[in-house]
Amino acid sequence: LIALIGPLGAFGVIVFVLARVGDVGMFLPRILLGRFLPDQDFGAIDPFISTLSLLAIPVGVICQVAIKSISRLDARGERAQRATLIRDLALIVLAGSVLTALVVLALSDFILLRLHLEANRNLYTLFIIGWVLLGWWQPVAAAILQGLQRYVLLSTLGALVPIALTALTVLTVVALHLGLAGAICARLLAGFGVTILTVWILREYAGARRTSYRSEAPVILKTIAPASLLTIGSFLLYNFDKLFIRNFQLVDSGGFAAIITLGQIPFWLIGPLVLVLLPMASAEHATGRDMSRRIVQAAAIGGAITCLCVLFFAFATAPLFRLWKPTFAPYAGLVWPYALAMGLQGIVLMVNSIDLARHENAS
């Protein structure tokens, strides 16, 4: 397969298939939640996650640096330096997650008020702290596997989360009728289970002999600024609307959650290529290969996926929404513009991943 369509295409296909298993598993809980939760409770889930993503923006920067530098060290055969970097990342995540949890605890009343979740404050405060810890450990553990280019393992673990989430959602929301609290609890349990498994897989690096990776330090320092801009820009593009709607247009939050459910599908489909591109491009750049062809491939594939999704949703959303839940039907015409925006975001992330890999900081 690699000889036929190249490493980007081959790994993209493998990751795509495994990611689609995960996407189906993520899609089913959202369908169940939209069906069984009151509209405003359904509309609380994405803003809840987005709020905590705001507090974990440093994690995105750490992930970008980790993916790039681990890939570069691996491409140069510097295995001991790579192991030391991974161990240092774990220490940074440990300190960062505890510090962020304390900040969230201090701000919990304000956060819950803005999310309109001030009822049952103590329970949701515990959920917030749990989500903060998960929000640090899960993406960095995944980023390490991505930097090691263990795409099949990463995608397999990624598929386990939504499978577990689906089963837990059926148990907590459909069977036990625990409502929004059950939905959030299901997500936490599924995420922590797979994160613990990932950390256990990476345990071999915990006892590695410490070796200086000083030669990589200039690249790490040079990556921080563009990675920060990319992370903050991506957060605002993908999360600001969720927070705005929940805070100021509470009545529409359920319908907006329905729009997101279908409209983010182009981003889901493009995601596997983003997953593969940064470590692959970083390794290729470290060995002196030209990256121009990768940009053309990324734009062409992302553009085709986006156009097909937009055309489909322009005609099919209204009957799908009526079948799912009639109260979502008035929002059907807004799905295709959201799908277009998410598809374009996916293309931007692919191109930026290549630019970041080849130190084109201006992007």
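All values derive from a computational prediction rather than experimental measurement. Per-chain numbering applies: the sequence of each chain, read as written, is numbered from 1 onward. It should be noted that, the model being predicted, local features are given only for residues of pLDDT at least 70 and side-chain atom pairs only at 80 or more, the latter also being counted only at that level, while totals for whole chains, interfaces and linings use all residues. Only heavy atoms go into the side-chain values, all of them from the structure, while hydrogens and water stay out.

Visitor: Give a description of the overall build of the chain that names residues and reports values.
Guide: On a plain count of helices and strands, the chain comes out with 13 helices and zero strands. Going along the chain from the N terminus, every DSSP run of H or I of four or more residues is numbered as a helix, and every run of E of two or more is numbered as a strand. Reading the chain from its N terminus to its C terminus gives the helix and strand order α-α-α-α-α-α-α-α-α-α-α-α-α. Summary of the burial criterion: residues with accessible area below 20% of their type's maximum are buried, those above 50% are exposed, and those between are partly exposed, where the area comes from a 1.4 Å probe applied to protein chains only. Classification of the 363 residues of the chain by burial places 52% in the buried group. Contacts are residue-level and defined by heavy atoms, with any inter-residue pair within 4.5 Å sufficient. Of the contacts formed within the chain by residues at least 6 apart in sequence, a portion of 83% connects residues at least 24 apart. What sets the accessible areas is the Shrake-Rupley method with a 1.4 Å probe; for residues, cover comes only from the shown protein chains. If you sum the accessible surface of the chain, you get close to 15900 Å²; carbon and sulfur atoms cover 73% of it.

Visitor: Could you give me a rundown of helix α9 (residues 217–248), with the residues and numbers involved?
Guide: Each helix should span, by expectation, one fewer than its residue count multiplied by 1.5 Å. Here α9 is 32 residues long and its end C-alpha atoms lie 44 Å apart, about the 46 Å a rise of 1.5 Å per residue gives. We define the bend at any residue as the angle between the axes fitted to the seven residues before and including it, ending there, and the seven starting there. Of all the bends in α9, the greatest measures close to 45° and is centred on Asn239.

Visitor: Please give an account of the confidence of the model for the chain that cites residues and values.
Guide: When pLDDT is averaged along the chain, the result is 85, and 88% of the positions lie at 70 or above. Per residue, pLDDT measures the predictor's confidence, with a range of 0 to 100. In this model residues 1–5 is a low-confidence stretch, pLDDT under 50, and it forms seven contacts with partners more than four residues away in sequence or in other chains.

Visitor: Report on a nonpolar patch on the surface, specifying residues and quantitative values.
Guide: Nonpolar side chains collect at one region of the surface, where Ile232, Leu236, Phe240, Phe244 and Phe248 lie side by side and expose about 510 Å² of accessible area between them. Within the secondary structure layout, Phe248 lies in helix α9. Grouping into patches uses exposed residues only, defined as over 30% relative accessible area, and leaves out salt-bridged ones; the cut-off is 9 Å for like charges and 5 Å for nonpolar side chains (Val, Leu, Ile, Met, Phe, Trp, Tyr). We define a salt bridge as a contact between a side-chain nitrogen of Lys or Arg and a carboxyl oxygen of Asp or Glu at a distance within 4 Å.

Visitor: Please set out helix α12 (residues 292–324) residue by residue, giving values where relevant.
Guide: Taken as a whole, α12 carries its principal kink of about 55° at Ala316; the proline Pro319 stands between one and four residues after it. Of the positions making up α12, those classed as buried are Arg294, Ala298, Gly302, Ile305, Thr306, Cys309, Val310, Phe313, Ala316, Thr317, Phe321 and Trp324.

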